[in-house]
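Now for the letters of each chain:
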Amino acid sequence: MKRAFSNLAVLAGLAWVLVGCTTVPSEFYMLDTLDPPAAAAPQSNDGLSLGGGPCKVPDDLDRPQRVTRPDPTRVQLNEFSRWAGSLQGNFQRVLARNLGVLLSSRNVAEYPWDDPFDPDYRLVMDVYRFDGSLGGEVWLEVRWSLTGRDRTRLLRGAQSSIREPVVGEDYQALVKAESKALEVLSREIAAALTELSRK
């Protein structure tokens, strides 16, 4: 009886080791920014200053796990594919960086910025949707508005709906498509700012 119990304990221990050895390691992702040499405008707009944010992201998206939407009424959370930090912070930081590149301006700061910084324009965003499906497409819906330094007068506002194909069946392909969608949004906002600055 003791021998049988001992054998059972050994088998249980081996099973535990095998389970530990087959644990899937987590992967962490970040949105990618534009490459300055490839995307920068020829003229400098260092006279234009922008405060980017705040940016609101729904709670069902702003979580560590990667969220995919296999169909319109269902979402999936992957415990082993995660954001490297806050999605809201990553989204806001990459957008600010992209706008600095596209506007050729070093005076673009993400929210919250230091008190001495008093930008000419302020950008506020509400993200309604930022998800997709593996091998399908990414869908970004965001309402954004631009105000002046006094924050009382709306200078420009729009709701952008952007779709980008996911070229691949893995999360690396998904995050590339998400980064591309954010690039498209960045270009829309940069075009609006350039037009406003010329008036």
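A quick note: this is a predicted structure, and the numbers were derived from the prediction, not measured.

K.L.:
Could you give me a rundown of the sheet that holds strand 4 (residues 74–83), with the residues and numbers involved?
P.N.:
Pairing in this open sheet of three strands is mixed, and the strands run 1-4-3 from one edge to the other. The open sheet terminates on both sides in strands that have one partner only, identified here as strand 1 (27–29) and strand 3 (65–71). Taken over all neighbouring pairs, the strand axes of this sheet differ in orientation by 55° on average, direction set aside. Sheet topology note: the strand 1/strand 4 ladder contains three bridges and is parallel. Across the sheet, the residue bridging to F28 is R82, located in strand 4. Contacts between helix 4 (residues 171–197) and the sheet are confined to strand 1, strand 3 and strand 4, with strand 3 contributing the most and set at about 90° to the helix.

K.L.:
Talk me through the environment of G100; I want residue IDs and the actual numbers.
P.N.:
Secondary-structure assignment places G100 in helix 3 (residues 87–102). Spatially, the C-alpha atoms of G100 and L50 are 8.7 Å apart, while their sequence positions differ by 50 residues. Beyond its immediate chain neighbours, meaning those up to four positions away, G100 contacts S105 and V108.

K.L.:
An account of helix 3 is requested, with residue identities and associated values reported.
P.N.:
For an α-helix the count is 3.6 residues per turn, leaving residues at separations of three or four pointing the same way. Taking 1.5 Å of rise per residue, the 16 residues of helix 3 would be expected to cover 22 Å, and the 22 Å separating its terminal C-alpha atoms lies within 8% of that figure. Inspection of helix 3 places L87, N90, F91, Q92, V94, L95, A96, N98, L99, G100, V101 and L102 among the buried residues, and these make up the whole buried set. With a side-chain oxygen lying 3.2 Å from the backbone nitrogen of Q88, the N-terminal cap of helix 3 falls on S86. Of the residues one or two after helix 3, S104 is the one with positive phi, at around 50°.

K.L.:
Account for the pattern of salt bridges, naming residues and giving values.
P.N.:
Tallied over the entire structure, the rule returns twelve salt bridges. Among the ionic pairs, R163 bridges to E137, the shortest N-O distance being 3.2 Å. With R163 in strand 8 (residues 154–165) and E137 in strand 7 (residues 137–147), this residue pair connects regions lying 26 residues apart in the sequence. On the accessibility criterion, E137 (33% relative accessible area) is partly exposed. With its nearest N and O atoms 3.1 Å apart, the salt bridge here joins R187 to E183. In this pair, R187 and E183 both sit in helix 4, four residues apart, roughly one turn of the helix. Residues participating in the shared-partner salt-bridge network are D118, D120, R122 and R149.

K.L.:
Which residues make up the pairing of strand 3, and what values go with them?
P.N.:
The side chains of a regular strand alternate, residue by residue, between the two faces of the sheet. In this sheet, strand 4 lies alongside strand 3 in antiparallel orientation, the contact comprising five bridges. Of the residues in strand 4, the one forming a bridge with T68 is Q76. Between strand 3 and strand 4, which pair antiparallel in sequence order, lie two residues.

K.L.:
A description of the packing of helix 3 against helix 4 should follow, citing residues and the corresponding values.
P.N.:
Following both chains from N to C, one finds helix 3 and helix 4 inclined at 50°, their axes separated by 9 Å at the closest point. It follows that helix 3 is oblique to helix 4 by the angle criterion. The crossing of helix 3 and helix 4 is right-handed. On helix 4, the residues that touch F91, V94, L95, N98, L99 and L102 of helix 3 are L182, E183, L185, S186, R187, I189 and A190. Residue classes in the contact of helix 3 with helix 4 are distributed as nine nonpolar, two polar and two charged.

K.L.:
Outline the packing of aromatic side chains, listing residues and values.
P.N.:
In total, this model carries four aromatic pairs according to the counting rule given. Geometrically, the ring pair formed by Y29 and Y171 is tilted, given 6.4 Å between the ring centres and 35° between the ring planes. Taken as a pair, Y29 in strand 1 and Y171 in helix 4 lie far apart in primary sequence, 142 residues in all. Both rings, one in F91 and one in F130, keep their centres 5.4 Å apart while their planes meet at 85°; by these two values the pair is edge-to-face. Of the two residues, F91 is situated in helix 3 and F130 in strand 6 (residues 121–132); the sequence distance between them amounts to 39 residues. The buried category is assigned to F91, whose relative accessible area is 1%. When its relative accessible area of 3% is taken as the criterion, F130 is described as buried.

Conventions and cut-offs
- Residues numbered from 1 in each chain as written.
- Predicted model: local features only at pLDDT ≥ 70, side-chain atom pairs only at ≥ 80, totals over all residues.
- Heavy atoms only, no water.
- Pairing = 2+ DSSP bridges.
- Helix = DSSP H or I, 4+ residues; strand = E, 2+ residues; numbered from the N terminus.
- Axes fitted to C-alpha atoms, helices over the stretch in contact; angles between N-to-C directions.
- Contact = heavy atoms within 4.5 Å.
- Expected span 1.5 Å × (residues − 1).
- Buried < 20%, exposed > 50% of the residue type's maximum accessible area, 1.4 Å probe, protein only.
- Polar contact = N/O pair within 3.5 Å; in protein donor to acceptor, adjacent residues only side chain to side chain.
- Salt bridge = Lys/Arg side-chain N within 4 Å of Asp/Glu carboxyl O.
- Parallel < 35°, antiparallel > 145°, perpendicular 65-115°, else oblique.
- Left-handed = near helix turned anticlockwise from the far one by under 90°.
- Nonpolar A, V, L, I, M, F, W, Y, C, P; charged D, E, K, R; others polar.
- Phe/Tyr/Trp six-rings, centres within 6.5 Å; stacked < 30°, edge-to-face > 60°.

None of the figures reported here should be taken as evidence of function without further support.
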